[in-house]
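# Fold and contact review
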Amino acid sequence: MALSAPEPQPDAGLLDTYSATVADAVDRIGPAVCRIERVADSGAAGQGSGFVIAPDGLIVTNFHVVGQARAVRVAMPDGTSAEGRVLGRDADTDIALVRADGHFPDIAPLGDSKRLRRGQIAIAIGNPLGFEWTVTTGVVSALGRSMRASSGRLIDDVIQTDAALNPGNSGGPLVSSAGEVIGVNTAVIRGAQGIAFAVASNTASFVIAEIIRFGRVRRAFIGVSADTVALPRRAALLSQVTSRTAVRLRSVEAGGPAAKAGLKEGDIVSAIDGHAVGGVDDLVRMLTAERIDRETVFTVVGRAGVRQVAVTPSPRP
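Because the structure is predicted, anything quoted here is derived from the model rather than measured.

Before going further, it helps to examine the overall build of the protein. Counting secondary structure elements, the protein contains 6 helices and 20 strands. The C-alpha extent of the protein, read off along each of the three principal axes, is 75 × 65 × 35 Å. Taken over 317 residues, the protein has a buried fraction of 49%. Counting contacts in the protein only where the partners sit at least 6 residues apart, residues at least 24 apart contribute 59% of the total. Taking the average location of the 33 positive side-chain charges in the protein and that of its 32 negative ones, the two points are 9 Å from each other.

Taken as a whole and assessed by the stated rule, the structure comprises 0 aromatic pairs. In this structure, Arg-218 packs its charged tip against the face of Phe-214, placed 3.6 Å from the ring centre.

Moving on to the environment of Ile-155. By the secondary structure assignment, Ile-155 is in strand E9 (residues 154-161). Its relative accessible area of 2% is what places Ile-155 among the buried residues. Separated by 44 residues in sequence, Ile-155 and Val-199 place their C-alpha atoms 7.9 Å apart.

Let us now look at unusual backbone geometry. Phi at Gln-240 takes a positive value of approximately 60°, unusual for a residue other than glycine. Tracing the backbone through its elements, the reader meets Gln-240 in the loop between helix H4 (233-239) and strand E15 (245-252). The class of Gln-240 is exposed, set by a relative accessible area of 73%. Phi is positive for Asp-273, close to 50°, though the residue is something other than glycine. Along the polypeptide, Asp-273 turns up in the loop between strand E16 (268-272) and strand E17 (275-276).

On to the pairing of strand E7 (residues 121-126). Burial analysis of E7 places 5 of its 6 residues in the buried class, the great majority of the element. Sheet analysis places E7 next to strand E8 (residues 134-148), joined by 6 bridges and oriented antiparallel. Counterpart to Ala-122 in the pairing with E8 is Gly-138. As judged from the 2 bridges shared by E7 and strand E10 (residues 173-175), these two strands associate in the antiparallel manner. What sits directly across from Ala-124, in E10, is Leu-174.

Another aspect to go through is the nonpolar core. It is characteristic of soluble globular proteins that their nonpolar side chains tend to be buried jointly. Core analysis: the largest hydrophobic core is formed by 47 residues, its most contacted members being Ile-59 and Val-60. Leave out the neighbours within four places in its chain, and Val-60 touches Gly-50, Phe-51, Ile-53, Ile-95, Ala-96, Leu-97, Gly-171, Val-184 and Ile-208. Among the nonpolar cores identified, the runner-up in size contains 18 residues, and Ile-222, Val-247, Val-277 and Leu-287 belong to it.

Below, the discussion takes up helix H3 (residues 201-214). Between its terminal C-alpha atoms H3 stretches 20 Å, which fits the 20 Å expected from 14 residues at 1.5 Å a residue. For H3, the complete set of buried residues consists of Ser-201, Asn-202, Thr-203, Ala-204, Phe-206, Val-207, Ile-208, Glu-210 and Ile-211.

With that out of the way, let us pick up the pattern of salt bridges. If you walk through the whole model with that rule in mind, you get 16 salt bridges. Taking the shortest distance from any N to any O, the salt bridge between Glu-290 and Arg-218 comes out at 2.9 Å. With Glu-290 in the loop between helix H6 (280-286) and strand E18 (296-302) and Arg-218 in the loop between H3 and strand E13 (220-221), this residue pair connects regions lying 72 residues apart in the sequence. By relative accessible area, which is 44% here, Glu-290 ends up partly exposed. A salt bridge links Asp-282 to Arg-285; the nearest nitrogen and oxygen atoms lie 3.1 Å apart.

The next thing to look at is the side chain of Asp-90. By the secondary structure assignment, Asp-90 is in strand E5 (residues 81-90). Contacts of Asp-90, omitting those with residues within four sequence positions, involve Phe-63, Ile-95, Val-207, Val-217 and Arg-219.

When you line up the elements, Ala-142 lands in strand E8. The buried category is assigned to Ala-142, whose relative accessible area is 6%. Measuring from C-alpha to C-alpha, the distance between Ala-142 and Gly-48 comes to 24 Å, with 94 residues separating the pair along the chain. Not counting residues within four places of it along the chain, the set of residues in contact with Ala-142 comprises Arg-118, Val-158, Ile-159 and Gln-160.

What counts, and at which threshold
- Residues numbered from 1 in each chain as written.
- Predicted model: local features only at pLDDT ≥ 70, side-chain atom pairs only at ≥ 80, totals over all residues.
- Heavy atoms only, no water.
- Helix = DSSP H or I, 4+ residues; strand = E, 2+ residues; numbered from the N terminus.
- Buried < 20%, exposed > 50% of the residue type's maximum accessible area, 1.4 Å probe, protein only.
- Contact = heavy atoms within 4.5 Å.
- Lys, Arg positive; Asp, Glu negative; His and termini not counted.
- Charge placed at Lys NZ, Arg CZ, Asp CG, Glu CD.
- Phe/Tyr/Trp six-rings, centres within 6.5 Å; stacked < 30°, edge-to-face > 60°.
- Lys NZ or Arg CZ within 6 Å of the ring centre and 35° of its normal.
- Pairing = 2+ DSSP bridges.
- Core = buried A, V, L, I, M, F, W, Y, C linked by side-chain atoms within 4.5 Å.
- Expected span 1.5 Å × (residues − 1).
- Salt bridge = Lys/Arg side-chain N within 4 Å of Asp/Glu carboxyl O.

Set out below in structure tokens:
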């Protein structure tokens, strides 16, 4: 009797599809991921990761990777290396921008982090513990987290992932299955397993634009920390916005502009000056230097309904 071939396992095709998806994303983004080495003025060396976002050598990394160094060394996967100068840095979001000498044909496009969902594939590429161009995978574990930057301020709209990160991954990209950068890997919790964080790509995009235009990030200050939450349809209609999400104030700093205006913990901000606030990244983007000392109207959804609150942001302390 002839023996029949074993039937393929039902998970085999699924695994192949998953593997192909990850490999394709890595093939697209991997060549744009670099190793960044610095020697600070004090002589203290440091190393991390970064990724190229423009062919003229514009590179995104972490503030804590470059520190206060003015120049860094950039090494690419193809073996080339170049000198880079730090164009600007923002300790409040742990983002820095570097310009490297030369032409870089491979770039890593920034995606829209507002479209992320928990459970999506998350791929980290970087140089952990000196193991160059390492790939780890996981999922987007949570959205809208906050973590404290080296400046002491909270970074809002942080992505939590279980993709394994280690020292040296800092500044590298967190990549979606579509081959777009959805976050900038920034931190791990020591002693924890499967808990790591990345600054959302939309926040990074805002910081990059500010540095390119002004050399620094200009901000208005209202004294709140916040989360992105779903906006009930009725509340959206009353607020006259089309967004399905808004911002909930997690804390309000005593004596700050928001507190003085009457905003309270738990309030939901759906619009600023009539423009929808769909997430924490919108709040960060809208609070630019132009709003400092200028009355700004917040549309707030609370238990008592929708109200308009006039807030006058102050300069960032």
